[in-house]
Amino acid sequence: MTIRMIIVDDHPVVRDGLRGIFSGDDAFEVVGEAADGPEALVVAGRTSPDVVLLDLRMPGMSGAEVIRRLREQQPGVHVLVLTTFGDDADVVPAIEQGATGYLLKDTPRAELRRAVQAAARGETVLSPSVAGVLTHRLRAPEPRTLSRRELEVLGLVARGATNRDIAGKLFITEATVKTHLLHIFAKLEVNDRAAAVAAAYDGGLLKPGA
């Protein structure tokens, strides 16, 4: 089965080069090109491609937004990102919005053709460096944050203040203090005041002497 694809990149020389990679191979048919996100949506709507080969940073619309709109417009389309950027700020939004794969522009020609075929089958395709970014992101713990008021409450707890002391100092009720503490315990995954203070110091949420 011939894979119908469109090429989306704001540089004409890049589009020409990519078209050359797939021309002459009966497994592929380049049915359209686009220079930016809005044009990509129009071309995709007109041609109904199997795969959209998409640059990520183009004028007018972010790559992640293009992916989201393409997926809304044509749920069956597979978007294969081909870009020079492989850091968290680019990779994660693209994958979250439904990109089937993410490759860098130094990908060899034969590997790129195989990647388009895999993407057309709905298989996830990632450059090794991109896979490393995602693996690190999954392994890294989510930063634990407290609201300004929760930090105030916990800071007073760290100085030995009772719930009544905290309520008086912050002009809130003791019941509100208890509610804040429950939220703090849940966020820091602890069961008592001492553990909450220790976790806050370990996580840099509270500074010694502050």
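This write-up is about the structure you can find in this document.

So, helix α5 (residues 109-120)
A rise of 1.5 Å per residue sets the reference length of α5, with its twelve residues, at 16 Å; its end C-alpha atoms lie 17 Å apart and thus fit the reference within 8%. L112, A115, V116, A118 and A119 are the residues of α5 that are buried. The buried residues of α5 occupy an angular sector of 165 degrees when the element is viewed end-on, so they sit on one face. One or two residues past the end of α5 sits G122, with phi positive at roughly 85 degrees.

A few points about the side chain of S127
Among the secondary structure elements, S127 is positioned in the loop between β6 (125-126) and α6 (128-139). In terms of polar contacts, S127 uses its side chain to reach the backbone amide nitrogen of L104, at 3.1 Å. Each residue touching S127, except ones within four places of it in the same chain, is listed here: Y102, L103, L104 and T107.

Points about the packing of helix α1 (residues 12-22) against α5
Remark: α1 packs on α5, axes separated minimally by 10 Å, with the N-to-C direction vectors making an angle of 80 degrees. Classified by the interaxial angle, the pair formed by α1 and α5 is roughly perpendicular. Contacts between α1 and α5 involve L18, I21 and F22 on the former and, on the latter, R109, L112, R113 and V116. Per-class residue counts for the contact of α1 with α5 are five nonpolar, no polar and two charged.

Looking at the packing of helix α7 (residues 148-158) against helix α8 (residues 163-170)
Orientation of α7 relative to α8, taken along the N-to-C sense of each, is 130 degrees, at an axis distance of 10 Å. As the angle between them shows, α7 and α8 are arranged oblique. Relative to α8, the crossing made by α7 is right-handed. Here R149, E152, V153, L156 and V157 of α7 lie close against α8, whose contacting residues are I166, K169 and L170. Class assignment for the residues of the contact of α7 with α8 results in five nonpolar, no polar and three charged.

With respect to the environment of T173
As for its placement among the helices and strands, T173 is situated in the loop between α8 and α9 (174-188). For the pair T173 and N163, spaced ten residues apart in the sequence, the C-alpha separation amounts to 8.9 Å.

Here we look at the nonpolar core
The biggest cluster of nonpolar side chains holds 27 residues, and the ones touching the most others in it are V8, V52, L54, I67, L70 and Y102. Broken down by secondary-structure element, the contributors of at least two residues to this core are β1 (3-8), α2 (37-47), β3 (51-54), α3 (63-73), β4 (78-83), α4 (88-96), β5 (101-104) and α6. With four residues, the single largest contributor to this core is α2. When near neighbours in sequence (up to four residues on either side) are disregarded, I67 contacts L54, L56, V79, V81, A94, Q97, G98 and A99. Counting 21 residues, the second largest nonpolar core, distinct from the first, contains L156, L181, I184 and L206.

Observations concerning helix α10 (residues 193-202)
Among all positions in α10, only A196, V197, A199 and A200 are buried. All buried residues of α10 lie within an arc of 165 degrees about the axis, which places them on one face of the element. In α10, the exposed positions that point more than 90 degrees away from the buried face belong to A194 and D202. Next to the buried residues of α10 lie α7 and α9. N-cap assignment for α10: the residue whose side-chain oxygen lies 3.2 Å from the backbone N of A194 is D192.

Remarks on the sheet that holds β3
In spatial order, the strands read β2-β1-β3-β4-β5-β6; together these six strands make up an open sheet with parallel pairing. Edge strands, defined here as strands with exactly one partner in the open sheet, are β2 (28-34) and β6. Here β4 runs beside β5; their pairing, made up of four bridges, is parallel. Counterpart to L80 in the pairing with β5 is G101. Along the sheet face, α1 touches β1, β2, β3 and β4 and points at about 170 degrees away from the line of β2. Lying on the sheet, α5 is in contact with β1, β2, β3, β4, β5 and β6; it crosses β4 at an angle near 155 degrees.

Rules behind the numbers
Residues numbered from 1 in each chain as written. Predicted model: local features only at pLDDT ≥ 70, side-chain atom pairs only at ≥ 80, totals over all residues. Heavy atoms only, no water. Helix = DSSP H or I, 4+ residues; strand = E, 2+ residues; numbered from the N terminus. Expected span 1.5 Å × (residues − 1). Buried < 20%, exposed > 50% of the residue type's maximum accessible area, 1.4 Å probe, protein only. Arc of directions from axis to C-beta. Polar contact = N/O pair within 3.5 Å; in protein donor to acceptor, adjacent residues only side chain to side chain. Contact = heavy atoms within 4.5 Å. Axes fitted to C-alpha atoms, helices over the stretch in contact; angles between N-to-C directions. Parallel < 35°, antiparallel > 145°, perpendicular 65-115°, else oblique. Nonpolar A, V, L, I, M, F, W, Y, C, P; charged D, E, K, R; others polar. Left-handed = near helix turned anticlockwise from the far one by under 90°. Core = buried A, V, L, I, M, F, W, Y, C linked by side-chain atoms within 4.5 Å. Pairing = 2+ DSSP bridges.

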